[in-house]
Every structure is written in structure tokens, then in C-alpha cells.
Amino acid sequence: MTSTDIAQSEGPSGYREAVELEFDEATKRYPGAESPAVDSLSVTVPAGEICVLVGPSGCGKTTAMRMVNRMIDITGGDIRVGGRSVRERDVDDLRREIGYVIQQVGLFPHRTIGDNIATVPRLLGWDKKRVAERVQELLDLISLPQEMGRRYPAQLSGGQRQRVGVARALAADPPLMLMDEPFGAIDPINRERLQNEFLRLQAEIRKTVVFVTHDIDEAIKMGDRIAILREGGHLEQYAPPAELLMSPASPFVEDFVGADRALKRLSLQRVSDVDLWQAPLVRAGDSVAEVRRALETADVKIPLLIDERGAPRGWLSERALAGDTVGEQLRSGPEPVVDRADVLRDALSDLLAHESQYGPVVDGSGRVVGVLSIELLSHMLKAEDSA
Ligand SMILES: Nc1ncnc2c1ncn2[C@@H]1O[C@H](COP(=O)(O)OP(=O)(O)OP(=O)(O)O)[C@@H](O)[C@H]1O
Ligand SMILES: [Mg+2]
């Protein structure tokens with residue numbers, strides 16, 4: 001494949017097709033250093049996936065990343081982008097195919113946001129109209145109003161500048177993105193927003209991304225796969241987040257992912273992944289005899305009152321079953337109502353916050369599809385621990 005082929009192949013989304021990135025025993029030994037900064041790193045990042053490099057300060061994350069666009073020269077092994085060795089590439093050519101986001105954003109302070117985003121397309125010689133359209137499109141993509149394109153970096157918040165940094169890296173639609181602690185300097189709330197926004201964006205544009213962080217929680221959230229490095233640039237484990245949490249390959253990894261890895265696993269699974277419990281779903285006026293029959297086989301021995309649309313109203317009290325037909329007396333409201341799209345960790349916090357054993361689970365239209373219980377969650381945690 002020639003570089004023009006790469007440049008012209010478009011994915012189903014209309015964006016340029018992502019490429020595979022392969023570290024093949026890539027090594028960096030800085031002059032005079034006793035040991036390598038990156039030592040025989042072998043990691044393959046499939047096209048369109050996010051690979052997170054994580055590890056303590058000085059373990060070689062930035063070095064590994066910068067060898068990809070040759071800001072740092074490799075001293076051993078190889079790195080291939082789309083099957084071609086970066087050693088054989090013209091450096092300018094190579095860098096145009098790679099978007100790069102650095103921690104301090106590095107926007108040009110005396111240029112407007114629009115001009116900042118347009119940097120690479122202009123270098124590539126795009127005509128004015130195409131550049132302007134691209135800037136507009138990217139401002140939309142990162143959810144900034146068009147008006148901000150005329151402002152200067154100092155007139156934006158830190159989080160907004162960070163988004164512009166991402167937009168600028170995406171401007172020439174590179175098949176590969178390198179992001180070095182892109183959200184490191186942002187407060188936790190905006191950081192979470194930026195993470196979610198980037199994941200939403202990635203679902204659409206499907207780039208191959210190398211993402212550096214020293215925060216294991218960020219790694220678990222953002223990575224399709226995570227490479228854990230330790231001092232001296234040794235790769236300790238390369239695996240999808242769930243596998244890393246389930247079976248850490250070494251005491252170092254176990255230590256790095258932390259003692260609460262069982263809880264962390266809950267943030268990787270959604271309520272819809274769970275085999276939910278069932279409670280008898282009843283409406284006011286139903287036959288009490290039938291409800292009692294249903295209770296015999298139900299997982300949850302309390303009937304759940306629902307309305308005409310199937311939305312939960314609350315847990316029925318014994319008094320509601322005193323006559324022939326079901327009454328409306330409740331022992332408690334339905335809270336917390338859990339959305340089946342929620343991650344299990346959030347659902348667990350909701351249950352704990354309401355001091356409730358059970359939470360009705362609803363689908364997108366608000367109808368009850370089952371019940372989540374503390375007991376169910378605790379079984380899951382234990383089952384996985386012994387796995
Ligand atoms: N230009 C350089 N010359 C010599 N040694 C360097 C150079 N740049 C980095 N190093 C060393 O290489 C090792 C890896 O550095 P690197 O910047 O890749 O770490 P990092 O994992 O990105 O750390 P951090 O999380 O602090 O950013 C460190 O020991 C560092 O001191
Ligand atoms: Mg670094």
C-alpha cells in the first residue's frame with residue numbers, strides 16, 4: 001500500500017480508514033543512559049482501537065509514543081504504521097498521518113481557535129473553502145459554538161482548550177492519533193466530561209489511538225486494551241481492561257490496578273449484562289390469588305406495582321393483598337429505579353444510597369424488565385474473584 005492509497009481509503013463512516021500500529025521489540029536507549037527507557041516493547045494495536053499506555057512516572061510512556069512519529073528515534077527493533085516501518089518514512093509525511101495531542105495542549109496563543117484548528121490542513125495546501133468547512137465541522141464535533149472559532153486560546157476555559165487540542169489533531173483526519181495525558185491538567189468533573197466526549201467521538205470516527213495516562217481508572221475507562229509498563233520500559237501486561245482486572249499477570253500489575261479491582265470490574269459491566277431477578281409485576285385490580293401463585297416461584301418475594309405503561313410505582317404492602325383484588329398500598333416507593341444501560345458500579349451506588357436491597361430495572365421507555373439486588377451483585381463479585 002502506498003501512502004496515497006492510505007490517504008484515499010475511506011471507512012464506512014466517511015472518515016479515513018484507521019491503520020494498525022505495531023511496536024516490534026521497539027527499544028530506546030538514550031545516549032549515556034545505563035538502561036533503556038523503552039526495552040523491547042512489543043504491542044500490536046488493531047486498527048480503530050484505543051490502546052492505553054499506563055505506568056508510573058519515568059517508565060517510558062512518552063518515549064514509546066514519540067518513537068511512533070519519530071520525534072524520538074528508535075535505537076532497536078521497529079514500529080510499523082499500517083504495515084510500513086516508520087524508519088523508512090519521510091518524517092513530514094509520517095507526521096501528517098498522525099494526530100498528536102500533548103498535555104499542555106500547545107495551542108498557538110496569537111492565533112484564533114479557528115486558525116489553530118486549521119494548522120495542518122493549511123500545511124497540506126487545502127483550499128480556503130475546504131479549510132473553513134473542516135474547521136466548522138470540527139467545532140461541531142467537539143461541541144463548541146462556531147463563534148468560539150474567532151476567539152483566542154486565552155479566552156477559553158482549560159477544558160475547552162483541551163477540546164480544541166483534540167480538534168486540531170483530528171483536522172487532517174489522520175488514521176492514527178497519539179494522545180499524551182490529554183486530560184491530565186483538567187479538574188475531575190471536566191475530565192470525565194472530556195473522556196465521555198472523546199469516547200462518543202471515537203465511536204464515530206474509529207481512529208487507532210495511543211493514549212498515555214498514569215491514572216489506572218482513566219486507562220480502564222478509555223482503553224480497548226491496556227499496556228502496563230514499569231520502570232525501564234518493561235511491558236508487564238497487555239490486555240483488555242476486564243482481563244487485566246480479572247487476572248493481573250504479576251504482583252506489580254496487581255498492585256498498580258489496586259485493591260478495589262473487584263469494584264472496578266463493576267464499572268465495565270452494564271445492568272443489561274446481568275441475568276436479572278424477577279418480581280411479580282402487578283397492576284391495581286389484578287387477582288390476588290394469581291399474584292400469590294406468582295410469588296411462589298418469583299426471585300423477589302414482594303410484588304411490584306406498575307402503572308398502565310409498565311413503569312414501576314412501588315413495592316406493595318401485605319395490606320394491598322388483603323382482598324380479592326390488588327390494592328394500591330405500598331410498603332415503599334420504587335427507588336432507586338435502575339436504567340438497564342447503567343454501569344453496575346453506578347447501580348450499586350444507587351442501591352447503597354437508598355439503603356435498598358432491590359431496584360426495579362427499566363428499559364429505555366421506562367418499563368420494568370427485572371430487578372437488580374444487592375445479593376445478585378455480591379454473588380457476581382464473589383464468582384469473579386474465584387475465577
Ligand atoms: N531526552 C532524554 N535524554 C535522556 N533521558 C531521557 C530523555 N527523555 C526521557 N528520558 C528518561 O527516559 C525515561 C522515560 O521517560 P519518559 O518521559 O518516557 O517517561 P514517562 O513514562 O512519560 O513519565 P511521566 O509519566 O513522568 O511523563 C526516564 O527515566 C527519563 O528520565
Ligand atoms: Mg510522559
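How each quantity is defined
- Residues numbered from 1 in each chain as written.
- Chains lettered and ligands numbered in written order.
- Predicted model: local features only at pLDDT ≥ 70, side-chain atom pairs only at ≥ 80, totals over all residues.
- Heavy atoms only, no water.
- Helix = DSSP H or I, 4+ residues; strand = E, 2+ residues; numbered from the N terminus.
- Buried < 20%, exposed > 50% of the residue type's maximum accessible area, 1.4 Å probe, protein only.
- Contact = heavy atoms within 4.5 Å.
- Areas by Shrake-Rupley, 256 points an atom, 1.4 Å probe, with all protein chains shown as cover.
- Phe/Tyr/Trp six-rings, centres within 6.5 Å; stacked < 30°, edge-to-face > 60°.
- Lys NZ or Arg CZ within 6 Å of the ring centre and 35° of its normal.
- pLDDT = per-residue confidence, 0-100.
- Core = buried A, V, L, I, M, F, W, Y, C linked by side-chain atoms within 4.5 Å.
- Domains from an automatic or database assignment.
- Buried area = accessible area lost by both parts, 1.4 Å probe.
- Salt bridge = Lys/Arg side-chain N within 4 Å of Asp/Glu carboxyl O.

Once that is clear, we can look at the overall build of the protein chain. Counting its regular elements, the protein chain contains 15 helices and 17 strands. Counting over 387 residues, the protein chain shows a buried share of 49%. When contacts within the protein chain are restricted to residue pairs at least 6 apart in sequence, long-range pairs at least 24 apart make up 61% of them. Within the structure as shown, the protein chain displays about 18,400 Å² of accessible surface, and the carbon and sulfur contribution to it stands at 47%.

In this section: the packing of aromatic side chains. Two aromatic rings are characterised by how far apart their centres lie and by the angle between their planes. Scanning the entire structure with this criterion turns up four aromatic pairs. A centroid spacing of 6.1 Å and a plane angle of 15 degrees characterise the contact between Phe252 and Phe256, whose relative ring orientation is stacked. In this pair, Phe252 and Phe256 both sit in helix α11 (residues 251–257), four residues apart, roughly one turn of the helix. Overall, Phe256 belongs to the partly exposed group, its relative accessible area being 21%. Site record: aromatic cluster; members linked through ring pairs are Trp277, Trp315 and Tyr358. The ring of Phe108 carries the charged tip of Arg168 above its face, separated from the ring centre by 5.3 Å.

On to the confidence of the model for the protein chain. In this model, the protein chain carries a mean pLDDT of 88, and residues with pLDDT of at least 70 account for 94%. pLDDT under 50 marks residues 1–8. Its contacts with residues more than four places away, or in other chains, come to 12 contacts.

Counting residues in hydrophobic clusters, the biggest one holds 47 residues, and the most contacted among them are Ile117, Phe198 and Ile228. Those residues in contact with Ile228 that lie beyond four places of it in its chain are Val54, Ile216, His234, Leu235, Glu236, Gln237, Leu244, Phe252, Val253, Phe256 and Val257. Residues Leu21, Cys59, Val68 and Val210 belong to the second largest nonpolar core, which totals 28 residues.

A separate point is the domain arrangement of the protein chain. Each domain of the protein chain was delimited in the assignment, giving domain 1 (3–266) and domain 2 (271–385). Put simply, the middle of domain 1 and the middle of domain 2, counted by C-alpha atoms, are 43 Å apart. Of the residues lining the interface, seven residues belong to domain 1; the matching set on domain 2 comes to seven residues. Both sides of the domain 1 and domain 2 interface together cover about 730 Å² of buried area, and 60% of this is carbon and sulfur. Per-residue buried area on domain 1 facing domain 2 is highest for Leu263, Arg265 and Leu266; these three make up 72% of the total on that side. There are zero salt bridges connecting domain 1 and domain 2.

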